[in-house]
There are 2 protein chains.
Amino acid sequence: MVNIKDVARRAGVSVGTVSRVMARNETVGAALREKVEATIREMNFKPNHVARGLRRRRTDMIGLVIPDITNPFFAELAKHVEAVAFHAGLSVLLSITNDDPKIEVAQIESLLKSRPTGLIVVPIQSGQSQSWRGDTATVVVDRRLQGHGLLSVDHHGGAALAAEHLIGLGHRHIAYIAGPADAPVSRARRAGFVEHLEAAGIKPEIIEGHFDYVSGEALGRQLLDRAPAKRPTAIATANDQQAIGLLRAASDLGIKVPDELSVIGFDDIPLAGLITPRLTTIGQPVEDIAKRAVAAAIAGSGVAAGEDELLSGVLVVRNSTAPVGRREAV
Amino acid sequence: MVNIKDVARRAGVSVGTVSRVMARNETVGAALREKVEATIREMNFKPNHVARGLRRRRTDMIGLVIPDITNPFFAELAKHVEAVAFHAGLSVLLSITNDDPKIEVAQIESLLKSRPTGLIVVPIQSGQSQSWRGDTATVVVDRRLQGHGLLSVDHHGGAALAAEHLIGLGHRHIAYIAGPADAPVSRARRAGFVEHLEAAGIKPEIIEGHFDYVSGEALGRQLLDRAPAKRPTAIATANDQQAIGLLRAASDLGIKVPDELSVIGFDDIPLAGLITPRLTTIGQPVEDIAKRAVAAAIAGSGVAAGEDELLSGVLVVRNSTAPVGRREAV
DNA sequence: GTGAAAGCGCTAACAG
DNA sequence: CTGTTAGCGCTTTCAC
């Protein structure tokens, strides 16, 4: 493969000059610059980023560590992170932790060996800030990690929005399908939801599961497979996937949404607006999160501990929620 | 950051010895080996993969180029590729082309600068095999690219399976929602479906769109928003997302699936089994594809041109298809 | 078996 | 403004 020396020789200049032309910053005479650029094109020279990375002691890559790429929210996040990074001339190294703390540690250690410019991490558990060297900018997204600032939607506030919505619709018998208790994001959403309800004198029935379709379906069945009078009139879930699973359970049990049951999710994944009924949910500013994350990673600043950036979620009302009255009317 | 020299000095050996210990292949005396390993642990030494990559002229990374990570099928593919790669000690560089040929070229050129061990590419169009250097193993997955072998599910055969299923159910008035005509994968699935129907003397109505929910919904509406007698009794789609969009359109128009309309998709994304009604579809062996892709990338072999590896899809019957008779009965 | 030393291809001083 | 040169941290002959 052709290297900088070949180019320099052919263009009749020194390697330093070629390097400066590529960096397009230095003061290189117009004549030489053109000649070099022509030669680069002509020889189809692709500068070796590995060598450059070695010399610069940092590569043009950012590591992205997420629990699960098949979760539409993280897929969306990855998509935007990749787009913004690419635009900034960076590549993204993808790591999937599969919600396994051991793998998470291994993945991060492995990433670090490539000396990336920055790390964007959606951690599994808040415990033990990994002792990875402070010389790689780290921005922690969506879920809290000890010793780091957090860039995320305001889980607590967003969940409160959901609670408010259900209360406003007249619901009093309300259940909540939470995420795994060891995930701080679950706790934040749950707390935001529950506290808001309790302030209104309502005590929701709470049940815990994973952030996926299957869990939503199983837990939904558990909540709904009982005498109509004992069923909640509204259920909120910790994310949209659970809500979609719940919708499926309701359908299987012949329970009409939203007439007999209101359902509200969290995330506003693309699918939320397409299933039947269209899902009412709390939308996240994913693109904005991605932009800020990449910017912080590049700036080398990360998000300082204690300096959280919490972005507001927004209530998206669609067809899975309705006034409780409708049910009595039936 | 501590480097190999620091370790060598502290352990009282030469850098060569440390290197050999890490490569865990050479013949290093047990005593020295232990001493070095202890020192590595003690100093928390993380070998610099950038330097190693420079020296080896190849990094421990594989590039993964896909059109759209929010497409559940590709997310699934990425998940498995990442898992297999990680297991083999490789990192994955993620590129998303967003179905834009210009970006695809730029992404690949950019990836190559990092001198990855191999490239796994889901190309956008079959045209112009990019003139990237033959010195990077390239395995082309899912969609054909001129000058390369293809590793993929058998689109043609899978679609024929779908056609066979609908015919067997007694459907005669059948429509097909295809993918974009410029994508070979669309053409393969469409051809497999249409040819099989025509062999049975049926000429389907065909309509084209993109591989996403929105397109499926719009096209579905177009196909269904007409007098009942003029509507197809069954619609097959080029992928599950379109099918899900179609289901939504049917629901909006008050058309019962599967009683009044049978729907069959392609891919068997996780969601397919969870929506209402559960979607009948053609399942892909994603994990197997991922395994083979990574193996080929590592082996440096790629998939030789003309040596396609076509894996069989499998018909997954769920609740979105039913005998045409049911409708007449209503 | 182990050490010494020559690069991998580039960037960034430093000269001129 | 441009050329020269010393490494970046590792692997890999080549000696011993």
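In this text, all values refer to a predicted model and were calculated from it rather than measured experimentally. (Residues numbered from 1 in each chain as written. Chains lettered and ligands numbered in written order. Predicted model: local features only at pLDDT ≥ 70, side-chain atom pairs only at ≥ 80, totals over all residues. Heavy atoms only, no water.)

(A) Local environment of the packing of aromatic side chains. Residue and element names in this part refer to chain B. Summed over all chains, the structure comprises 4 aromatic pairs over all chains. The interplanar angle of 55 degrees and the centroid separation of 5.4 Å between the aromatic rings of Phe 73 and Phe 74 together place this pair among those described as tilted. This pair shows no difference in class: Phe 73 is buried, exactly as Phe 74 is. A centroid spacing of 4.8 Å and a plane angle of 20 degrees characterise the contact between Tyr 176 and Phe 193, whose relative ring orientation is stacked. In this pair, Tyr 176 is assigned in strand 6 (residues 174-178) and Phe 193 in helix 8 (residues 184-199), connecting sequence segments 17 residues apart. Of the two residues, Tyr 176 and Phe 193, both sit in the buried class. For Arg 189, the ring lying beneath its charged end belongs to Phe 266, and the centroid distance is 3.9 Å. (Phe/Tyr/Trp six-rings, centres within 6.5 Å; stacked < 30°, edge-to-face > 60°. Buried < 20%, exposed > 50% of the residue type's maximum accessible area, 1.4 Å probe, protein only. Helix = DSSP H or I, 4+ residues; strand = E, 2+ residues; numbered from the N terminus. Lys NZ or Arg CZ within 6 Å of the ring centre and 35° of its normal.)

(B) Representation of the relation of the copies chain A and chain B in the model. Once chain A has been moved 0.1 Å along the axis and rotated by 180 degrees, it coincides with chain B to within an RMSD of 0.1 Å. The superposition of one copy onto the other is thereby described by a two-fold rotation axis. Using C-alpha coordinates, one finds that chain A approaches the rotation axis most closely at Leu 93 of chain A, a distance of 2.3 Å. Both copies present the same face, since 100% of the interface residues in chain A are matched by interface residues at the equivalent positions in chain B. (Least-squares fit on C-alpha atoms with pLDDT ≥ 70 in both. Contact = heavy atoms within 4.5 Å.)

(C) Examining unusual backbone geometry more closely. Note that the residue after Val 257 of chain A, namely Pro 258 of chain A, is joined by a cis bond; omega there is 10 degrees. Within the secondary structure, Pro 258 of chain A is located in the loop between helix 10 (240-252) and strand 9 (262-264). Positive phi, normally seen in glycine, also occurs at Asn 44 of chain B, with a value near 55 degrees. For Asn 44 of chain B, the location among the structural elements is in the loop between helix 3 (30-43) and helix 4 (49-56).

(D) Seen up close, the sheet that holds strand 8 (residues 234-237) of chain A. All names here are of chain A. One open sheet accounts for 4 strands, arranged 7-6-8-9; its pairing is parallel. Unpaired on one side and paired on the other, strand 7 (205-208) and strand 9 mark the two borders of the sheet. Strand-to-strand twist in this sheet, taken as the mean axis angle between neighbours without regard to direction, amounts to 15 degrees. In this fold helix 8 (residues 184-199) packs onto strand 6 (174-178), strand 7 and strand 8, with an angle of close to 165 degrees to the strand it touches most, strand 6. (Pairing = 2+ DSSP bridges. Axes fitted to C-alpha atoms, helices over the stretch in contact; angles between N-to-C directions.)

(E) Focus on the protein's contact with DNA strand C. If you check the shell around DNA strand C, you find 25 residues, and the closest are Ile 4 and Arg 55 of chain A together with Thr 17, Gly 29 and Arg 57 of chain B. Among the atoms of DNA strand C lying within 4 Å of the protein, the sugar-phosphate backbone contributes 61%. Residue assignment for the surface near DNA strand C shows that the elements contributing at least two residues are helix 2 (15-23) and helix 4 (49-56) of chain A together with helix 2 (15-23) and helix 4 of chain B. A class-by-class count of the residues in the surface near DNA strand C yields 10 nonpolar, 8 polar and 7 charged. (Near = heavy atom within 4 Å. Nonpolar A, V, L, I, M, F, W, Y, C, P; charged D, E, K, R; others polar.)

(F) View of helix 11 (residues 286-299) of chain B. Residues and elements named next belong to chain B. Compared with the 20 Å implied by 1.5 Å per residue over 14 residues, the 20 Å span of helix 11 between its first and last C-alpha is a close match. For helix 11, the full list of buried residues reads Val 286, Ile 289, Ala 290, Ala 293, Val 294, Ala 296 and Ala 297. Each buried residue of helix 11 sits inside an arc of 160 degrees when the element is viewed along its axis, so together they form one side. Of the surrounding secondary structure, the elements contacted by the buried residues of helix 11 are strand 1 (61-66), helix 5 (72-87), strand 3 (118-121), strand 4 (137-141), strand 5 (150-153) and strand 11 (309-311). Positive phi appears at Gly 300, one or two residues downstream of helix 11, with a value of about 75 degrees. (Expected span 1.5 Å × (residues − 1). Arc of directions from axis to C-beta.)

(G) Just the pairing of strand 4 (residues 137-141) of chain A, in detail. Residues and elements named next belong to chain A. Of all 5 residues in strand 4, 5 are buried, a share of seventy percent or more. Here strand 4 shows a buried face lined by Ala 137, Val 139 and Val 141 and a second buried face lined by Thr 138 and Val 140. The pairing of strand 3 (residues 118-121) with strand 4 spans 4 bridges and is classified as parallel. Looking at the pairing, Leu 119 lines up with Thr 138 of strand 4. In this sheet, strand 5 (residues 150-153) lies alongside strand 4 in parallel orientation, the contact comprising 2 bridges. Considered in strand 5, the bridge of Val 140 is made with Leu 150.

(H) Molecular detail of the domain arrangement of chain A. Structurally, chain A comprises domain 1 (4-47), domain 2 (61-153 + 286-312) and domain 3 (155-285). The centre of domain 1 of chain A, based on its C-alpha atoms, is set 36 Å off from the matching centre of domain 2 of chain A. (Domains from an automatic or database assignment.)

(I) Broad picture of the sheet that holds strand 1 (residues 61-66) of chain A. In space, the 12 strands of this open sheet follow the order 11(A)-5(A)-4(A)-3(A)-1(A)-2(A)-2(B)-1(B)-3(B)-4(B)-5(B)-11(B), with mixed pairing throughout. Of all the strands in the sheet, just strand 11 (309-311) of chain A together with strand 11 of chain B have a single pairing partner and so form its edges. Pairwise comparison of adjacent strand axes, ignoring direction, gives a mean angle of 20 degrees for this sheet.

(J) The interface of chain A and chain B, seen in detail. Each partner contributes to the interface: chain A provides 48 residues, whereas chain B provides 48 residues. Of the roughly 4,900 Å² buried at the junction of chain A and chain B (both faces included), carbon and sulfur atoms supply 64%. At the boundary of chain A and chain B, one finds 6 salt bridges. Ionic pairing is found between Glu 217 of chain A and Arg 278 of chain B, a salt bridge with its closest N-O pair at 3.3 Å. (Buried area = accessible area lost by both parts, 1.4 Å probe. Salt bridge = Lys/Arg side-chain N within 4 Å of Asp/Glu carboxyl O.)

(K) Broad picture of the nonpolar core. Residues Ile 120 and Leu 271 of chain A together with Ile 120 and Leu 271 of chain B are the most contacted members of the largest nonpolar core, which totals 102 residues. Residue contacts for Leu 271 of chain A: discarding those within four places in its chain leaves Tyr 213 and Ile 244 of chain A together with Tyr 213, Ile 244 and Leu 271 of chain B. (Core = buried A, V, L, I, M, F, W, Y, C linked by side-chain atoms within 4.5 Å.)

(L) Looking closely at the pattern of salt bridges. The tally for this structure, following the rule as stated, stands at 42 salt bridges over all chains. Here Arg 9 of chain B makes a salt bridge to Asp 6 of chain B, at a shortest N to O gap of 3.7 Å. Of this pair, Arg 9 of chain B and Asp 6 of chain B are both found in helix 1 (residues 4-11), 3 residues apart, which corresponds to roughly one turn of the helix. A relative accessible area of 23% means that Asp 6 of chain B is categorised as partly exposed. Sharing partners across several salt bridges, the network here consists of Glu 217, Arg 221, Arg 248 and Asp 252 of chain A together with Arg 278 of chain B.

(M) Just the packing of helix 1 of chain B against helix 3 of chain B, in detail. Residue and element names in this part refer to chain B. Interhelical geometry of helix 1 versus helix 3 gives an angle of 125 degrees and a closest axis separation of 9 Å. Considering their axes alone, helix 1 and helix 3 lie oblique with respect to each other. Two packed elements cross with a definite hand, and for helix 1 against helix 3 that hand is right-handed. Along its contact with helix 1, which presents Asp 6, Val 7, Arg 10 and Ala 11, the element helix 3 presents Lys 35, Val 36, Thr 39, Ile 40, Glu 42 and Met 43. (Parallel < 35°, antiparallel > 145°, perpendicular 65-115°, else oblique. Left-handed = near helix turned anticlockwise from the far one by under 90°.)

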